[in-house]
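Chain by chain, the residues run as shown.
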Amino acid sequence: MTSSESTPSAGSSGGAAILDDLQARGLLARTTDADALRARLDEGPITLYCGFDPTAPSLHLGNLFPLLLLRRFQLFGHRPIVLAGGATGMIGDPGGRSDERNLLDDDALDANLAGILPQLEQFLDFDGPAAARLVDNRSWTANLSAIDFLRDVGKLVTVNQMVARDSVRTRMEGEHGISYTEFSYMLLQGNDYVELAQNADCELQVGGADQWGNIVLGVGMVRRRLGRTVHALTTPLLLRPDGAKYGKSAGGDTLWLSPELMSPYRFHQALLQSTDEEIPDLLNRLTFLPVDDIAAIMADHTQNPGARAAQRAFADAMTDLVHGEAATEAATEAASLLFTKASATHGLEVSERAFEQLSQELETSTVTAAALDAGITPEDLAVGSGIVASKSEARRLISGGGLSVNGRPLEADSITTTTSLAHGRYLLLRKGKKTHRLIIRSAD
RNA sequence: GGGUCGGUGCCCGAGUGGCCAAAGGGAACGGGCUGUAAACCCGUCGGCAUUGCCUUCGGAGGUUCAAAUCCUCCCCGGCCCA
């Protein structure tokens, strides 16, 4: 883990200090019996879990939220279990959806799991006294027969409880109804809790606020099955100013953690562009920076918002966490080349070395010497680089002054030839203020 | 099953034979102002093309010089009746 984490100070008394930290960060939505949970945490390390369904080949920033919650508990000495939902992922959580899910086939699911497992491992310590564990709920559901499931699991819940759930009711009243398959999802999740309580001494399940219903149902199942009281804790959903769930960038791109799906540079940029409005919450809820440090950063930011210290701190902290410090540095360096006034307006003065650097961070495309000799129209240049989707879009942007090459506006009648290249190789294409694409003359 | 209203561009929603690529709003994108922020102002917002062409108004046919608009059948949804 990186050094930017706060470690609980020696003075924080007992394991329940985690609750105070969560509270201070605005990370506490609801818990079952708060006093009982606090008392239990003070007795000593607890085992807790959170589930992640492999619905995509990579986690995104939204998924990171509960994963970091596990990490926070771990930092306070508690033992996290990461549950990869190989089984639940095959069914699909009906919550938050208006339509029936398309079931993932085995291959897609395996591919998704393969992508996610390393990410799940990345943020936790798997050694030491509070070592984390990674489990897949397929290991106890694969051989569960339908009859056993109905007898042992189905008996723990009444349909009345299940139907009362908002997510279910919405779907039942909606156009397409809800299949029995998705209806059963909460039983599987509840059964996970029973399983982990019984065989792993798990006493707490955490998750986002939208998981409250599922988790509490599991708490009840554990009580009926094992006669044991276990706990539930949820965090508020992280929402964008417009109310959408966090995880997408302003432009609508998903903030993938996988560098293949989103380059560290773009990841860093997307976070850097967070609004003032949301930045305090983001710092508190997503980073491990100590609460006091965050308060100091925000004070600076309020003094001089133009410096965007808070955004920088946030983008740096998250990129460190996800991609490592080297990636953060590279992204920052690339950004300073692209956004510093001097280099942004005088792209040709950017050193060759800097272009090499940029070629690592930006999306690039190539162009042949032959094409350059023939001359390239502005539309073809833009479309060919992939920065725009169509010639019409290119034309629109050009007439509005929205495209530039090597720091100069791209004129409608300009022809790009070899002489336009910077350092004989590079064309830095910019769309709007924030989108860049590097075109490199191919070696031939 | 019967009746009735409706299905329009990314979303909402006007349009009931030519002036419709289709009002208006939202989202999105670009410009301006800024701080790679918000708000605000301006512009663009189906595709190709240098005055034009092509594809679009649930689907398939039909009427007409001309249809999102009329007719037929079908599919889907709301409401009412059974």
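Residues numbered from 1 in each chain as written. Chains lettered and ligands numbered in written order. Predicted model: local features only at pLDDT ≥ 70, side-chain atom pairs only at ≥ 80, totals over all residues. Heavy atoms only, no water.

Colleague: Outline unusual backbone geometry, listing residues and values.
Modeller: Glycine aside, the phi torsion of most residues is negative, and most peptide linkages are trans. In this structure, Asn406 is a non-glycine residue whose phi angle is positive, near 45°. Relative to the helices and strands, Asn406 is located in the loop between strand S8 (403-405) and strand S9 (408-409). A positive phi angle, close to 55°, is found at His423, a residue other than glycine. Relative to the elements of secondary structure, His423 occurs in the loop between S9 and strand S10 (426-431). (Helix = DSSP H or I, 4+ residues; strand = E, 2+ residues; numbered from the N terminus.)

Colleague: Help me get a handle on the protein's contact with RNA strand B, residues and values and all.
Modeller: Residues in close proximity to RNA strand B total 25 residues, the closest being Gln273, Asp276, Ser392, Arg396 and Lys433. For RNA strand B, the fraction of atoms within 4 Å of the protein that belong to sugar or phosphate moieties is 60%. At 2.8 Å, a side-chain N or O of Gln273 approaches a base oxygen of RNA strand B. At 2.7 Å from a base nitrogen of RNA strand B is found a side-chain nitrogen or oxygen belonging to Asp276. Elements that contribute at least two residues to the surface near RNA strand B include exactly helix H13 (264-272), helix H17 (325-339) and helix H22 (391-399). It is H22 that provides the largest number of residues to the surface near RNA strand B, a total of 5 residues. (Near = heavy atom within 4 Å. Polar contact = N/O pair within 3.5 Å; in protein donor to acceptor, adjacent residues only side chain to side chain.)

Colleague: Report on the sheet that holds strand S1 (residues 30-31), specifying residues and quantitative values.
Modeller: What holds strands together in a sheet is hydrogen bonding between their backbones, with the strands either parallel or antiparallel. Strand order in the open sheet formed by 6 strands is S1-S6-S5-S2-S3-S4, and the pairing between neighbours is mixed. One side of each edge strand has no neighbouring strand; the edge strands of this open sheet are S1 and strand S4 (133-136). Where strand S5 (residues 202-208) lies against strand S6 (residues 231-235), 5 bridges are found, and the strand directions are parallel. When the sheet's bridge partners are listed, Val206 is paired in S6 with Leu233. Each of strand S2 (47-52), strand S3 (79-84), S4, S5 and S6 is contacted by helix H11 (residues 185-200), which is oriented at about 145° to S5, the strand it contacts most. (Pairing = 2+ DSSP bridges. Contact = heavy atoms within 4.5 Å. Axes fitted to C-alpha atoms, helices over the stretch in contact; angles between N-to-C directions.)

Worth remembering: the numbers are spatial, not functional.
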